[in-house]
Amino acid sequence: KAFLQVRNANMSLEKFSIDVVENEILEDILKEIDINSKEVFSKPFSNQIDEMEYAKWHIKLYKENKIDVMFTGFAGVYNELKKQGYPVFRLEATRPLIKVCYENVKTSYALNKAQSSQIAVEILHLVDYKGSKENYYSNMIKKSEVDKVIVEYVKSIQGSLFNFGRDEYIIFAHRGAINNEINYNKLFKLQNDIKSRGFSLGVGIGIGVTAYQAEANGYKALKRCLDSNDFEIFSIDENETIKGPLGSDNELAYSLIASEEYIIDISSKTGLSCESIVKIMAISEIRQSKVYDTKELADYLGISDRSSRRILNKLVEADLARVCAKETSKGGGRPKNLIEILF
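I will try to describe carefully the structure that is included in this document. Quantities reported herein were computed from a predicted structural model and do not represent experimental measurements.

## A few points about the environment of Tyr254
Here is step 1 of the chain: On the secondary structure map, Tyr254 appears in strand S11 (residues 252-255).
Here is step 2 of the chain: It is 33 Å that separates the C-alpha atoms of Tyr254 and Gly165, two residues lying 89 residues apart in sequence.
Here is step 3 of the chain: Beyond its immediate chain neighbours, meaning those up to four positions away, Tyr254 contacts Glu240, Thr241, Ile242, Glu275, Val278, Lys279 and Ala282.

Pasting the structure below:
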């Protein structure tokens, strides 16, 4: 419609700039209505770009004589360019498009609402609880303070609290209340508050379609927490995807279930668990590099240097990794192998 307006105004479509529209759609439209433009400058929609940045982009191209006509989908950009006297045309949203977008929003909202309503479970586990007679009464007082702090936390997420034994708590809540950055920060604060009272707090977050699945995933996540050096927090969702350590620069997300045949094949060739393989793949993707030395891989996987060396050797033996370089430290000594992982 906008292109036809240009033609009706006897203006040229040889050189133009256009925003909002995806490049694939733009190409289809140009072919459909047989427009053979020499210069087309496109800037598809992005919510990372301020509207007025689009206006500046159009103006810059016009002042450099690269375009004759401008097209914009933004009312604010259109009004600004029109006010300044530029040859601009508005890309109006059609009624069918508005209907489609509205249905997409409704569907997305319904899906998000359903996911947020899923059951989530947090397992809290007190560690370093002293049960000796000398500390019996003082620990009881500290434990009552811990209970109070935990109850305040549960109240903030509108959850239900169940106390198991002397050192374990199970919290049931909606996924929407637990699985977000705000709650992660609350949990970090809770860990610090309890640490100031002489205890360490392990936390595991489980999400599931049923309460049973959520609780089972919570215990799996708790084990990861207790196995880590700094009581890092992990979550496991209904698809057996583990995420963590939450809130850290090294946060990963990967599946605990190996469904792809090539991962199972790598596991059978090397003797490594499918989880270790998927975790290495996730780390490599975040690092944007598949090259490791022994210590780097050990730090990422949270294992000893010896275990890391054994993993890399197994991969090299199976032709799934290769020594790509040797690195010598400034202080001399034995050079380190740099291993490139090939899967």
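So that's the structure; there's more coming.
## Here we look at the side chain of Glu240
Here is step 1 of the chain: In this structure, Glu240 sits in the loop between strand S9 (234-236) and strand S10 (241-244).
Here is step 2 of the chain: Engagement of the side chain of Glu240 in a polar contact is seen with the side chain of Lys220, the distance being 3.1 Å.
Here is step 3 of the chain: With residues near it in sequence (within four places) discarded, Glu240 still touches Asn217, Lys220, Tyr254, Ser255, Leu256 and Ile257.

## Observations concerning the environment of Asp19
Here is step 1 of the chain: With respect to the element layout, Asp19 can be found in strand S1 (residues 15-20).
Here is step 2 of the chain: You can call Asp19 buried: its relative accessible area is 0%.
Here is step 3 of the chain: Measuring from C-alpha to C-alpha, the distance between Asp19 and Lys43 comes to 4.6 Å, with 24 residues separating the pair along the chain.
Here is step 4 of the chain: Excluding its chain neighbours within four sequence positions, the residues that come into contact with Asp19 are Lys43, Tyr54, Trp57, His58, Phe71, Thr72, Gly73, Phe74 and Leu91.

## A few points about a nonpolar patch on the surface
Here is step 1 of the chain: Among the surface-exposed residues, Ile25, Ile29 and Ile33 lie close enough to one another that they form a single nonpolar patch of about 220 Å² accessible area.
Here is step 2 of the chain: Structurally, Ile25 can be placed in helix H2 (residues 23-32).
Here is step 3 of the chain: The exposure class assigned to Ile25 is partly exposed, which follows from its relative accessible area of 46%.

## Digging into helix H11 (residues 274-287)
Here is step 1 of the chain: Taking 1.5 Å as the rise per residue, H11 with 14 residues should run 20 Å; its terminal C-alpha atoms sit 20 Å apart, in good agreement.
Here is step 2 of the chain: Among the residues making up H11, those that are buried are Ile277, Val278, Ile280, Ala282, Ile283 and Ser284.
Here is step 3 of the chain: Considering only its buried residues, H11 is in contact with S11, helix H10 (261-270), strand S12 (291-292), helix H12 (294-301), helix H13 (305-317) and strand S14 (336-341).
Here is step 4 of the chain: Gln288 sits one or two positions beyond H11 and adopts a positive phi of about 60°.

Conventions adopted
Residues numbered from 1 in each chain as written. Predicted model: local features only at pLDDT ≥ 70, side-chain atom pairs only at ≥ 80, totals over all residues. Heavy atoms only, no water. Helix = DSSP H or I, 4+ residues; strand = E, 2+ residues; numbered from the N terminus. Contact = heavy atoms within 4.5 Å. Polar contact = N/O pair within 3.5 Å; in protein donor to acceptor, adjacent residues only side chain to side chain. Buried < 20%, exposed > 50% of the residue type's maximum accessible area, 1.4 Å probe, protein only. Patch = residues over 30% accessible without salt bridge, like charges linked within 9 Å, V, L, I, M, F, W, Y side chains within 5 Å. Areas by Shrake-Rupley, 256 points an atom, 1.4 Å probe, with all protein chains shown as cover. Salt bridge = Lys/Arg side-chain N within 4 Å of Asp/Glu carboxyl O. Expected span 1.5 Å × (residues − 1).

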